[in-house]
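# Examination of the molecular architecture
Take a look at the letters that make up each chain.
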Amino acid sequence: MYKYGEKSLSRLDTCRSTVQVVMRVAIKIMDIKILDGRRNQEQQDKAYAAGYSKKQWPLSTHNVPPPKLSPAWDCCPYPIDWEDREQFTVMAGIIIGIGAVMGITIRWGGNWAMSNRLSENVFDDLGHFEIVDEKRS
Ligand SMILES: [Zn+2]
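Residues numbered from 1 in each chain as written. Predicted model: local features only at pLDDT ≥ 70, side-chain atom pairs only at ≥ 80, totals over all residues. Heavy atoms only, no water.

## Concerning helix 3 (residues 41–50)
For helix 3, the capping residue at the N-terminal end is Asn40, with a side-chain oxygen 3.2 Å from the backbone nitrogen of Glu42. Once helix 3 finishes, Gly51 follows within two positions and takes phi at roughly 85°, a positive value. (Polar contact = N/O pair within 3.5 Å; in protein donor to acceptor, adjacent residues only side chain to side chain. Helix = DSSP H or I, 4+ residues; strand = E, 2+ residues; numbered from the N terminus.)

## Quick word on the coordination of the zinc ion
Around the zinc ion, the donor atoms from the protein are His62 (NE2), Asp74 (OD) and His128 (ND1), and they sit 2.0 Å away. In the primary structure, the donors to the zinc ion are separated according to the pattern H-x11-D-x53-H. In this pair, Asp74 is assigned in strand 2 (residues 72–77) and His128 in strand 4 (residues 128–134), connecting sequence segments 54 residues apart. Asp74 gets classed as buried once you look at its relative accessible area, which sits at 10%. (Donors = N, O, S within 2.8 Å, 3.2 Å for Na, K, Ca; no water. Buried < 20%, exposed > 50% of the residue type's maximum accessible area, 1.4 Å probe, protein only.)

## Observations concerning the sheet that holds strand 4
Within the open sheet, the four strands sit side by side as 1-2-4-3. Their pairing is antiparallel. Both outer strands of the open sheet, strand 1 (32–36) and strand 3 (104–108), are each paired with one neighbouring strand and no more. Sheet twist, expressed as the mean angle between neighbouring strand axes with direction ignored, is 40°. Strand direction decides the pairing type here: strand 3 and strand 4, joined by five bridges, are antiparallel. Note on strand 4: the bridge partner recorded for Ile104 is Glu134. Sheet strands in contact with helix 2 (residues 17–29) are strand 1, strand 2, strand 3 and strand 4, and its direction is about 150° off that of strand 1. (Pairing = 2+ DSSP bridges. Axes fitted to C-alpha atoms, helices over the stretch in contact; angles between N-to-C directions. Contact = heavy atoms within 4.5 Å.)

Below is the structure:
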């Protein structure tokens, strides 16, 4: 059974409780590393400068002021291989599926339009996920 490392857990702590619940189920299926949750200005500036984010502070869904929790998070299959698109796609299916069962709509950076036509995705941010809507029963 897989489990998150300390860094992943501390990043997950900055995310909404629904994100935490979804990701605690996902780790049972696949080894995953959490790369980011909430981002402060310094972290957002860094992500923007490095090209990981297209948005400048405070426009990213990762940019919520504490103690608010982030509806957005970044994660990757572990061990990390950014070229392994297939692994990212499997991970996305797992995460989005868990969310759907729980009444949580999740958008993935590999499918911004939520059309499931991955070849039409305009900007690949394969590690990015965000809660779009929550209707937990
Ligand atoms: Zn992100």
